[in-house]
Amino acid sequence: MPAKKSIRGLALVTGASSGIGYELARCAAQDGYNLIVVADEAEIETAATKLRAAGTEVEAVQADLSTQAGVEKLLARIATKERPVDLLFANAGQGLGNGFLDQKMDAIQRVIATNISGTVALVHAIGNGMRQRGSGRILFTGSIAGFMPGSFQAVYNATKAFINSFSFALREELDGTGVTVTCLIPGATETAFFERADMLDTPVGKQKKDDPGFVAQIGYEAMMNGDGDVVSGWKNKLMSAAANVTPSEILAKQHRKMAAPEEK
């Protein structure tokens, strides 16, 4: 049995069954936080079992945050806890590759509902509690994709543009309240994202990607420092800087080269 730690508080991590979300949860557990980890798949139970090795309490919740019912299920579970959420990692997200008109409308709506609607609903509920208490930290997992028009990934990039922008605005609104807001802005990361988004046959799907543990550690440290945003990796920092001065038309053409499926 792992040794019990001195508990610092409660952390809620969405999209925590694998990838960046799992690694963010691991950072929080190692730092002495009890966890509520959430995902829309049964693998969240396996992730919770591994996370308990850090010596903190970990509760797994399987909930689809693209639906109102899923958000309400999670909030109801949080309400049963003895203490409120101290750290909120709004990480859950869905990807979607291929041309917009070739995508299924139900898949498009699920991406928007997960990345935007579910995230906003959860942050609204948890954020209000934090503001009332005068303390709390929120980390959004944004994306460098949000800085460029996403040809052959149009809906996903647009949702991440929303998250990036929303996080910066919310941070300013909460200035002086005791609640901090941080946006983690990763580039392509070695997760199941590209397989789930049907993008394994694209240049970006095949290229070498960042380690999710490295990305999560950078995001966690930025959150705990109260930083407004952090771009993971020097290549992504260069891409972010270039996107700020490059015309959108050129960015869209560049993104096509990365995300368009290879011709059969």
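Please refer to the structure higher up on the page.
The written sequence of each chain sets the order in which its residues are numbered from 1. Selection of residues for local features in this predicted model requires a pLDDT of at least 70, selection of side-chain atom pairs for listing and counting requires 80 or more, and totals for whole chains, interfaces and linings are taken over all residues. Side-chain measures here rest on the full set of heavy atoms in the structure, leaving out hydrogens and waters.

Counting residues in each nonpolar core, the largest one holds 33 residues, and the members touching the most others are Val-13, Leu-35, Val-37, Leu-87, Phe-89 and Tyr-220. The set of elements that each furnish at least two residues to this core consists of strand E1 (9-14), helix H1 (19-30), strand E2 (33-39), helix H2 (43-51), strand E3 (58-62), strand E4 (87-90) and helix H8 (212-225). The residues touching Leu-87, leaving out its near neighbours within four places in the chain, are Leu-10, Ala-11, Leu-12, Tyr-33, Met-130, Arg-137, Tyr-220, Met-223 and Met-224. The next biggest cluster of nonpolar side chains, apart from the first, holds 29 residues, and it includes Met-130, Ile-163, Leu-174 and Ile-185. We define the nonpolar core as a collection of buried residues of types Ala, Val, Leu, Ile, Met, Phe, Trp, Tyr and Cys that are connected through side-chain atoms lying within 4.5 Å of one another. Relative accessibility thresholds used throughout: buried, under 20% of the residue-type maximum; exposed, over 50%; partly exposed, between the two (1.4 Å probe, protein chains only). Strands are runs of DSSP state E lasting at least 2 residues, helices are runs of H or I lasting at least 4, and numbering of each runs from the N terminus. Any two residues whose heavy atoms approach within 4.5 Å are treated as being in contact.

This next bit is on the pairing of E3. Most of E3 sits inside the fold, with four of its five residues counted as buried. Paired strands, as defined in this entry, are two strands with at least two bridges between them according to DSSP. As paired elements, E2 and E3 share five bridges and run parallel to each other. The residue bridging Leu-35 from the neighbouring strand is Val-58, located in E3. For the segment spanning E2, H2 and E3, crossover handedness is right-handed. Note on handedness: a clockwise path from strand one over the helix to strand two, with the strands aimed away from the viewer, defines a right-handed crossover.

All right, on to the packing of aromatic side chains then. Pairing of aromatic rings covers Phe, Tyr and the six-membered ring of Trp, with a centre-to-centre limit of 6.5 Å; geometry is then stacked below 30 degrees between planes, edge-to-face above 60, and tilted otherwise. The tally for this structure, following the rule as stated, stands at three aromatic pairs. Their ring planes at 85 degrees and their centres at 5.7 Å tell us that Phe-140 and Phe-166 sit as a pair that is edge-to-face. Here the residue Phe-140 occupies a position in strand E5 (residues 136-141), and Phe-166 occupies one in helix H5 (residues 154-173), the gap between them amounting to 26 residues. For Phe-140, a relative accessible area of 0% gives the class buried. In this structure an aromatic cluster arises from ring pairing among Phe-140, Phe-162 and Phe-166. The cationic tip of Lys-50 hangs over the ring face of Tyr-22; the distance from NZ or CZ to the ring centre is 4.9 Å. Only lysine NZ and arginine CZ atoms are considered, and such an atom sits over a ring when it is within 6 Å of the ring centre and within 35 degrees of the ring normal.

What follows deals with H1. Every helix has an expected span of 1.5 Å times one less than the residues it contains. Along its 12 residues, H1 runs 17 Å from first to last C-alpha, staying within 8% of the 16 Å computed at 1.5 Å per residue. Counting buried positions along H1 gives 10 out of 12 residues, so the element sits mostly inside the fold. Burial in H1 covers these residues: Gly-19, Ile-20, Gly-21, Tyr-22, Glu-23, Leu-24, Ala-25, Cys-27, Ala-28 and Ala-29. Looking one or two residues past H1, Gly-32 carries a phi angle of roughly 95 degrees, positive in sign.

It is worth spelling out the environment of Leu-139 at this point. By secondary structure assignment, the location of Leu-139 is in strand E5. Given a relative accessible area of 0%, Leu-139 falls into the buried group. Each residue touching Leu-139, except ones within four places of it in the same chain, is listed here: Leu-24, Leu-88, Phe-89, Ala-90, Thr-182, Cys-183, Leu-184, Gly-219 and Met-223.

Between H1 and H2, whose axes approach to 10 Å, the crossing angle comes to 30 degrees. By the angle between their axes, H1 is roughly parallel relative to H2. As for the relative orientation of H1 and H2, their crossing is right-handed in sense. Touching Tyr-22, Ala-25, Arg-26 and Ala-29 of H1 are Ala-47, Lys-50 and Leu-51, all from H2. As a rule, the C-alpha atoms of each element are fitted with a line to give its axis, helices using only the stretch in contact, and angles between N-to-C directions run from 0 to 180 degrees. An angle counts as roughly parallel when it lies under 35 degrees, as roughly antiparallel when it exceeds 145, as roughly perpendicular when it falls between 65 and 115, and as oblique in every other case. Note on convention: the crossing is left-handed when the near helix lies turned anticlockwise from the far helix by less than a right angle, right-handed when the turn is clockwise.

Of the two faces of E4, both are covered, the one formed by Leu-87 and Phe-89 as well as the one formed by Leu-88 and Ala-90. The pairing of E1 with E4 spans three bridges and is parallel. Residue pairing in the sheet places Leu-12 in a bridge with Leu-88 of E4. Direction of pairing for E4 relative to E5: parallel, over a ladder of four bridges. Residue pairing for E5: Ala-90 is matched across the bridge by Phe-140. The handedness of the E4 to E5 crossover, carried by helix H4 (residues 105-133), is right-handed.

Two side chains that carry opposite charge are able to pair once their charged atoms sit near each other. Between Lys or Arg on one side and Asp or Glu on the other, a salt bridge is scored when a side-chain nitrogen of the former is within 4 Å of a carboxyl oxygen of the latter. The tally for this structure, following the rule as stated, stands at seven salt bridges. Between Arg-26 and Glu-23 there is a salt bridge whose closest N-O contact spans 2.7 Å. Of this pair, Arg-26 and Glu-23 both sit in helix H1, three residues apart, which is roughly one turn of the helix. Residue classification places Arg-26 among the partly exposed positions, given a relative accessible area of 29%. Residue Glu-23 is classed as buried on the basis of its relative accessible area of 15%. The salt bridge partner of Asp-64 is Arg-110, with a shortest N-O separation of 2.9 Å. With a gap of 46 residues between them, Asp-64 in the loop between E3 and helix H3 (68-79) and Arg-110 in helix H4 connect regions that are remote in the sequence. What you see here is one network of salt bridges that share partners, running through Asp-40, Asp-64 and Arg-110.

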